[in-house]
Amino acid sequence: MLEPVAAGRSGRAFVVPGLTQDARGIVIGHEAAIVLHSLDQLLSLLRIASGETALGELFPSLRAEELRSSIGGQAYAVFVRLADSRGLDRFARSAAFCGGQLLVGSGRHFVRYRDAQAPYGYDAQAIHAGSDGEYVFYTPLATQLYRRVAELVLSRLICQQRLLPAIGGLKAALHSHDVREPLWLLVPSPLLPRLLRYLWLRQIEVGVALPDPTQSADARYTLLQVPGSLARAAGALLGLPGLHFLLPQSERSAVELGHSHPLNLQSLSPLFSDGQRHLFLAEPLGLLSLPASPFVASRFIVQPSEALGEPTGEPFRNMEPTAPGKNEPRPLSHHVAPDRHAPAASSLPKDLSQLARVELGLVRQRTFDCSPAAALVPWSQLAQLSRLAYRLPPSALASLRAVALDGGLLILGDVSHLPLGELFYEAARKILVPLGHCVLPRLPPSALRRALSSSEDSWLLLQPGAPAASDHAAGLPSLDARRAIARIELPADALVELSSLIVARLHALPLAELQALSVAEPAPPQAIYPSLGWLWPLVGGPLLSLREPVALPAATSPTAPATSGREPGRGSSSRSPLPDDDASL
Amino acid sequence: MSYTLAASFLRDFVRPLLRGADVAIARPLGWQGTQHVLQAAPSLVEDPLAQDVAKACVQRLLAQGILPPPLPSLADDAGALSALAALHDLLFLARPEAQRLSSATRDGVLREVIVCAEAAALSLAWSTEGQAEDATILHRHALIEPLFRLTRLDLRRKTLFDETVQRGLTRKKLASAAAANQDALTLSVLCWTELPGVVDGQGAAALQALLACSPLTALWSPRPREAISHEAHAQLLAQQAPLLLRPGLARGLSHRYLSLGVPAVAAALSGPLVVLLQQAADDAALRPAAIGWLGFLSQLHWLAYIALPLLPPPRLDLSEDSAPWFALFYCLSQLAPAGRPAPAVIAQADPARDERALYERAQAHAQRCRSVLPAEQLASLHRLLTRALATSAQ
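Residues numbered from 1 in each chain as written. Chains lettered and ligands numbered in written order. Predicted model: local features only at pLDDT ≥ 70, side-chain atom pairs only at ≥ 80, totals over all residues. Heavy atoms only, no water.

Digging into the overall build of chain B
For chain B, the helix and strand inventory stands at 18 helices and four strands. Within chain B, counting contacts between residues at least 6 apart in sequence, those at least 24 apart form 78% of the total. Of the roughly 16,500 Å² of accessible surface on chain B, a fraction of 54% belongs to carbon and sulfur atoms. (Helix = DSSP H or I, 4+ residues; strand = E, 2+ residues; numbered from the N terminus. Contact = heavy atoms within 4.5 Å. Areas by Shrake-Rupley, 256 points an atom, 1.4 Å probe, with all protein chains shown as cover.)

This is the structure we're talking about:
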C-alpha cells in the first residue's frame with residue numbers, strides 16, 4: 001500500500017508521479033485533494049477554510065467534484081493547487097476536523113498527506129496500473145478508485161446557504177456598525193427617486209448602481225452605496241417597505257444587515273463571477289443577483305437645476321461700466337452657466353427614468369434673521385440713488401460694489417443705509433435671495449451653493465419666476481406657493497465700484513432723460529383761511545394764558561404759568577381752535 | 001379733548017403742510033392749546049395719522065436728497081409739536097381777522113408764539129448729549145421747512161366802489177370765484193414773506209425764534225437782505241455754525257446750496273458773512289463760527305467751480321451782493337499755503353483723482369475771483385480776513 005518517506009530521501013524517484021519533497025523534506029504534489037464523504041462535510045470544510053485568512057488566496061483554484069467509488073460509495077473531493085507544506089498542513093487539519101482526509105499528487109494519482117505515522121509523507125509501494133476510475137487515492141488502508149459523477153459549482157453551494165439571524169436584529173447591527181465601513185442599500189425601484197431626494201437633501205452622498213440598459217436585468221431593485229454613518233441615523237429609512245440594509249463582504253457580495261452567512265464570504269469572493277453582485281437576503285428573498293455596474297455619485301443623478309426657471313433675457317454681454325458718450329448703456333444680463341455635469345452626464349445610461357429631480361423653488365416666508373446683503377435698485381430710481389449715495393460716508397460708499405442688470409443696479413455690500421430697491425440676503429455663499437423669500441426645499445448653504453452655482457467665484461441672483469408649470473398645465477389654481485426660480489449668474493469680476501458705475505450711467509444718459517429721472521417735488525402746500533365765524537373774536541377769540549412776559553420755560557416740559565386772566569369756564573377746552581371742515585368764508 | 005385737539009391739529013395743519021395739500025390756518029392754539037397737544041402726543045404715536053406724518057417726514061427728507069436716520073416720533077420730540085403750534089399761530093397773525101383783535105391781544109398771541117418757539121429751541125439745545133442728534137434736527141427740518149414752500153392764493157376783484165382781496169382761498173373756491181368775475185386777479189403769495197411784518201413788524205423776532213427750533217431749516221433757504229438784516233443773519237450764521245461740523249448735515253446743506261446755485265447763495269450770505277467776520281475780528285468767541293463758514297465757503301467753491309470737470313468753467317454770475325463771496329475765496333487762496341492738497345472729500349469725488357489738475361483749476365478760479373472787486377475793497381477784505389484768522393491763531 002503506502003510506505004513512509006524518509007527524511008533525507010534522495011536519488012530515488014517517487015512511485016506516484018508528481019510527488020516531490022519540499023525544503024523541509026515533506027512530500028507534496030502539484031495538487032491536493034480533500035476527500036469528504038458528505039455534502040455537509042464539504043460545507044464544513046469550506047466554512048473552516050474560509051475562516052483561515054491564509055487560505056483565502058487558494059480559493060480561485062478551488063474546484064469540487066462529486067465522486068463515486070468502485071463499490072458505489074459517494075464521496076466529494078475538493079481539489080486545490082497547493083504545493084506548500086505549511087498550507088497543506090492547515091488544510092489537513094481542516095480536513096481532519098471535518099472527517100475527511102488530505103491527499104497530494106497530480107493528475108489521477110493522489111497519495112495520503114503526511115500524518116503522525118509518517119511525518120514526511122507517504123509514497124505508494126506500487127502504482128495502480130488499471131484504467132478504471134478517474135482518480136486513484138492511495139491510503140494507508142487501501143487503494144481506492146473513484147469515478148467522477150459531476151462537478152460541483154461552489155458558488156452555487158454557497159448561495160444556497162440560508163442566512164443566520166443575528167442577535168438583536170437590524171437595529172443592533174446598525175448600532176454596532178463601524179461608521180467607517182460603507183453600507184449597501186437595496187431599494188425597490190419605485191422608491192428610488194424619493195429616496196435619492198431624501199438623501200440628497202440631507203447631503204448624504206450616495207452611489208447608485210445604475211443598471212446597464214443594454215442588458216436585461218432585474219429592474220425591481222437598485223443598489224445604493226451609502227456611507228456607514230447612515231447606520232447611526234437611519235431615521236425614516238427603517239420603516240420603508242422593501243428597503244434592505246446590506247453589509248458588503250466584498251466587491252460582489254453582501255449580506256443583509258442583522259444576519260450572517262454561514263461561510264466567510266470575504267474569502268470566498270473569488271468564487272463568484274465578475275459580472276454580478278450577489279446579495280444574500282433573509283428569507284423569503286434569499287439570494288439576489290444584480291449586475292455589478294459601477295456606483296455613480298448621486299450628485300450626478302439628482303438634478304436640482306431641472307426645475308429652475310429658464311433665464312429670461314439675453315446672455316451676459318458686458319461687464320464693464322457703460323462708456324460715456326453712448327446714449328444707451330449696455331446692461332449686464334443673465335449669464336447662462338455651462339453645464340458642469342456634462343462629463344459625468346455623458347457617462348450615464350441613456351435611460352434616465354430613474355433619475356431623481358429635486359424641484360427647487362422660492363416661497364414667500366418671513367426672513368427676520370436675515371440681514372440684507374444686496375439691493376436691486378431699478379433704473380427709474382437712479383437719480384435718487386445717486387443723490388443718496390452722495391450722502392453716504394466715503395468709507396461706506398467705497399465698500400459698495402455694483403453691477404448693472406436689465407432690471408436695475410445690483411448693489412452688494414452693507415445696503416442697510418439705502419431705502420431703495422429690492423433687498424436681498426445671502427442664503428448661501430454668494431447666492432442672493434430676495435428678503436421675504438426662501439428656497440424650498442431647505443438645503444444647507446453648501447448644498448445650495450453646489451446645486452445652483454457652476455463656479456466658486458460667481459454671484460448668483462435668484463428671483464421668483466413664474467408659478468409651477470404643472471399648475472398651468474392642469475388649468476387649476478396653484479395650491480403650491482412655490483415659484484420657479486429665475487437666476488442670474490454674475491461673474492465676480494463684473495462687480496465694480498458703485499460710485500464709478502453711477503457716474504458712468506449718468507454720463508450715458510441724455511440730459512432730458514436725466515431730468516425725467518429726478519424725483520418730482522410734491523406740490524407746495526397751500527394756506528387756506530377757513531371761516532372763523534361772524535362773531536369772532538367776540539366768541540372764540542384767542543385764549544391767552546400768558547398775561548405777562550414770563551421767564552423761559554423748562555426744556556422738556558414747559559409748564560404754563562398758573563396765573564391766568566380767564567375764568568376756568570372759558571378755557572380753550574370748551575372751544576376747538578380749529579374750524580369745521582365745511583366752514584367757508 | 002386733548003386727543004381730539006391734537007388729532008385735528010395733525011389732520012388739518014401738520015399733515016397737509018408735509019403732503020402739499022390745503023393747510024388750514026384757523027384759531028390760534030396759544031400756550032394752553034399747545035399744552036393740550038403735547039399731552040395727547042404719546043397717545044397719538046400709534047395713530048395712523050401720526051404714522052402718516054412720520055412717513056411724510058421721511059419722504060420729505062428723501063425728496064430733498066437727505067438720507068435720514070431713524071427719526072424720533074412726535075411724542076419723543078415734543079419740541080417739534082411746540083414749534084408747529086407756534087408756526088400755526090404765527091401764520092394766523094397774518095390773517096386779516098387778526099387785525100380785528102386788539103393790539104394787546106395780538107401782542108399776547110405773538111408773545112405766546114415766541115414762548116412756544118423758545119421752548120422748542122431750548123429742548124433742542126438741552127438734549128441729553130449736549131448737542132441735539134442729527135435725527136432730531138432732521139425731524140424738525142422736515143416739519144418746519146415746508147413753511148418756505150407754503151403759498152397762499154388770493155383773489156383780488158373789484159367791487160362797486162372799491163376793490164377787495166379774498167385771502168386764503170381753496171383752489172376750488174378760487175376757480176369758481178374767478179369764473180364768476182372775469183376781472184378778478186389771482187395772486188400767489190409766499191406766506192413766510194408776510195411773517196416779519198405782522199404785529200407791527202414784531203413778527204421778525206417770532207420768525208427768528210421759530211427758525212431757532214430747526215437749525216437746518218434756518219440755513220436751508222438763505223433769506224435775502226430784504227427779509228432779514230445782515231446783523232440778524234450774521235447772528236443766525238454764528239448760532240448755526242456748529243451744524244457745518246457735522247458731516248451728514250453739512251453734505252446735505254452743500255447739496256442744497258449747489259442746487260440753488262452758488263451765485264444766489266452768495267448774494268444772500270455774502271453780507272452776513274462779512275458782518276460775521278467783522279464781529280469775529282473783535283470777538284474771539286465768534287471766530288470758530290467764522291472759520292467754519294469760511295471753510296464751507298471754500299467747500300462750495302471747490303464743488304461748484306473746481307472739482308466738477310466742466311469746460312469751460314461755469315460763469316460766476318456776479319452781482320453787487322455776491323461779489324464779497326467770491327473775493328473771500330481769492331483771499332483765502334492767498335492765505336492758504338501754496339500747493340495745499342485738495343480737501344479729501346474733493347479728491348474722492350473726482351474720478352480722475354488728479355490733484356495737480358485740481359490745483360491748477362483752483363488757481364485759475366482764484367484769479368477769476370480776484371477781479372470781482374476793486375483793489376481797494378479787495379485789500380480791505382484781505383485785511384479783515386487776516387485779522388480774523390490771525391487773531392484766531394493766537
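Considering the overall build of chain A
Scanning chain A for helices and strands turns up 13 helices and 32 strands. Here chain A holds 585 residues, and 46% of them are scored as buried. Within chain A, residue pairs in contact and separated by at least 24 positions form 71% of the contacts whose partners lie at least 6 positions apart. Accessible surface, chain A as shown: approximately 28,500 Å² in total, 54% of it carbon and sulfur. (Buried < 20%, exposed > 50% of the residue type's maximum accessible area, 1.4 Å probe, protein only.)

Points about the nonpolar core
F13, L90, L143 and W293 of chain B are the most contacted members of the largest nonpolar core, which has 132 residues in total. Summarising the domain contributions, this core has at least three residues from each of domain 1 (2-148 + 198-220) and domain 3 (231-393) of chain B. For F13 of chain B, the residues in contact, after removing those within four places along its chain, are S8, V23, A24, I25, L84, L87, H88 and L91 of chain B. Judged by nonpolar contacts, the second largest core, of 51 residues, contains L2, I26, L45 and A124 of chain A. (Core = buried A, V, L, I, M, F, W, Y, C linked by side-chain atoms within 4.5 Å. Domains from an automatic or database assignment.)

Focus: the sheet that holds strand β6 (residues 74-80) of chain A
All names here are of chain A. On the basis of which strands lie adjacent, the closed barrel formed by seven strands has the order β4-β6-β5-β11-β10-β8-β7 and mixed pairing. Sheet twist, expressed as the mean angle between neighbouring strand axes with direction ignored, is 35 degrees. Bridge count for strand β5 (residues 63-69) against β6 is six bridges, and the pairing is antiparallel. Within β6, the residue paired with E65 across the bridge is A77. Together, β4 (31-36), β6 and β11 (143-152) form the strand contacts of helix α1 (residues 39-51), whose direction differs from that of β4 by roughly 130 degrees. Packed onto the sheet, helix α2 (residues 85-97) meets β4, β6 and β7 (101-106) and runs at close to 140 degrees relative to β7. (Pairing = 2+ DSSP bridges. Axes fitted to C-alpha atoms, helices over the stretch in contact; angles between N-to-C directions.)

Comments concerning the pairing of strand β27 (residues 431-434) of chain A
Residues and elements named next belong to chain A. The side-chain alternation of β27 yields two buried faces, one formed by I431 and V433 and the other by L432 and P434. Taken together, the four bridges between strand β26 (residues 422-428) and β27 define a ladder with antiparallel strand orientation. In the strand pairing of β27, E426 is matched with L432. Following β26, the chain reverses through two residues before pairing antiparallel with β27; K430 in that reversal takes a positive phi of roughly 65 degrees.

Focus on the packing of aromatic side chains
According to the stated counting rule, one finds 12 aromatic pairs over all chains in the structure shown. With centroids separated by 6.0 Å and ring planes inclined at 65 degrees, the aromatic side chains of Y305 of chain B and F326 of chain B adopt a geometry described as edge-to-face. Of this pair, Y305 of chain B sits in helix α14 (residues 287-306) while F326 of chain B sits in helix α15 (residues 323-335), placing them 21 residues apart in sequence. Summarising the burial analysis for this pair, Y305 of chain B and F326 of chain B share the class buried. Through a chain of ring-to-ring contacts, the aromatic side chains of F79, F110, Y135, F137 and Y146 of chain A assemble into a single cluster. Against the face of W184 of chain A rests R277 of chain A, its NZ or CZ located 5.5 Å from the ring centre. (Phe/Tyr/Trp six-rings, centres within 6.5 Å; stacked < 30°, edge-to-face > 60°. Lys NZ or Arg CZ within 6 Å of the ring centre and 35° of its normal.)

A look at the packing of α1 of chain A against α2 of chain A
All names here are of chain A. Contact geometry of α1 with α2 gives a least axis separation of 9 Å together with a crossing angle of 145 degrees. Viewed along their axes, α1 and α2 form a crossing whose handedness is right-handed. Packed against α1, whose contacting residues are L45, I48 and A49, the element α2 presents F91, S94, A95 and F97 at the interface. (Left-handed = near helix turned anticlockwise from the far one by under 90°.)

Some remarks on the sheet that holds strand β20 (residues 287-291) of chain A
Residues and elements named next belong to chain A. Strand order in the open sheet made by the eight strands is β20-β19-β17-β16-β13-β15-β14-β21, with mixed pairing throughout. In the strand order of this sheet, the two ends are held by β20 and β21 (295-297), each with one partner. For this sheet, the mean angle separating the axes of adjacent strands, direction not counted, is 30 degrees. Here six bridges tie strand β13 (residues 183-188) to strand β15 (residues 221-226), and the two strands are oriented antiparallel to one another. Residue pairing across strands places L185 opposite L224, the latter belonging to β15. The strands touched by helix α5 (residues 192-201) are β13, β14 (207-209) and β15; relative to β15, the strand with the most contacts, the crossing angle is about 15 degrees.

Thoughts on the environment of S38 of chain A
Residues and elements named next belong to chain A. Following the sequence through the fold, S38 ends up in the loop between β4 and α1. For the pair S38 and Y76, spaced 38 residues apart in sequence, the C-alpha separation works out to 6.6 Å. Among the polar contacts made by the side chain of S38, one reaches the main-chain amide nitrogen of Q41 at a distance of 3.2 Å. (Polar contact = N/O pair within 3.5 Å; in protein donor to acceptor, adjacent residues only side chain to side chain.)

Quick notes on helix α6 (residues 134-144) of chain B
Among the 11 residues that make up α6 of chain B, 10 are buried, leaving the element largely enclosed by the rest of the structure. Three or more residues of α6 of chain B are buried, namely A135, T136, I137, L138, H139, R140, H141, A142, L143 and I144 of chain B.

Observations regarding the environment of L423 of chain A
Residues and elements named next belong to chain A. As for its position among the elements, L423 is in strand β26. Residue classification places L423 among the partly exposed positions, given a relative accessible area of 26%. Separated by 46 residues in sequence, L423 and V377 have C-alpha atoms that sit 8.7 Å apart. Leaving out residues up to four positions away in the same chain, L423 has contacts with P372, A374, A375, V415, V433, P434 and L435.

Let's talk about a nonpolar patch on the surface
Together, W534, L535, L538 and V539 of chain A line one region of the surface with nonpolar side chains, adding up to about 590 Å² of accessible area. On the secondary structure map, L538 of chain A appears in the segment after β32 (526-528). (Patch = residues over 30% accessible without salt bridge, like charges linked within 9 Å, V, L, I, M, F, W, Y side chains within 5 Å. Salt bridge = Lys/Arg side-chain N within 4 Å of Asp/Glu carboxyl O.)

Things to note about the confidence of the model for chain B
Looking at chain B, the pLDDT average stands at 84 and 90% of residues meet or exceed 70. In the model, residues 338-342 of chain B has pLDDT below 50 throughout and makes six contacts with residues more than four positions away in sequence or in other chains. (pLDDT = per-residue confidence, 0-100.)

Remarks on the environment of I114 of chain B
Residue and element names in this part refer to chain B. Considering the arrangement of structural elements, one finds I114 in helix α5 (residues 103-125). Each C-alpha atom of the pair I114 and A86 lies 7.2 Å from the other, and the pair is 28 residues apart in sequence. Filtering out sequence-adjacent residues up to four positions away, I114 remains in contact with A206 and A209.

Overview of the pattern of salt bridges
Residue and element names in this part refer to chain A. As enumerated under the stated definition, the model contains 18 salt bridges over all chains in all. For E65, the salt bridge identified is with R148, shortest N-O distance 3.1 Å. Residue E65 is located in strand β5, and its partner R148 is located in strand β11; the two are separated by 83 residues in the primary sequence. Taking the relative accessible area as the measure of exposure, R148 reaches 40% and is therefore partly exposed. What you see here is one network of salt bridges that share partners, running through E31, R63, E65 and R148.

Focus: unusual backbone geometry
Residues and elements named next belong to chain B. Positive phi outside glycine occurs at V199, with the angle close to 50 degrees. Of note, V199 is situated in helix α8 (residues 198-201). The backbone phi angle of D200 is positive, close to 60 degrees, even though this residue is not glycine. Assignment of secondary structure puts D200 in helix α8.

Regarding the packing of helix α1 (residues 2-19) of chain B against helix α3 (residues 48-63) of chain B
All names here are of chain B. With their axes 10 Å apart at the nearest point, α1 and α3 run at an angle of 20 degrees to one another. Judged by the inter-axis angle, α1 sits roughly parallel to α3. Crossing of α1 against α3: the hand is left-handed. Contacts from A7, L10, R11, V14, R15, L18 and R19 of α1 reach α3 at L49, A50, D52, V53, K55, A56, C57, Q59 and R60. Partitioning the contact of α1 with α3 into residue classes produces nine nonpolar, one polar and six charged. (Parallel < 35°, antiparallel > 145°, perpendicular 65-115°, else oblique. Nonpolar A, V, L, I, M, F, W, Y, C, P; charged D, E, K, R; others polar.)

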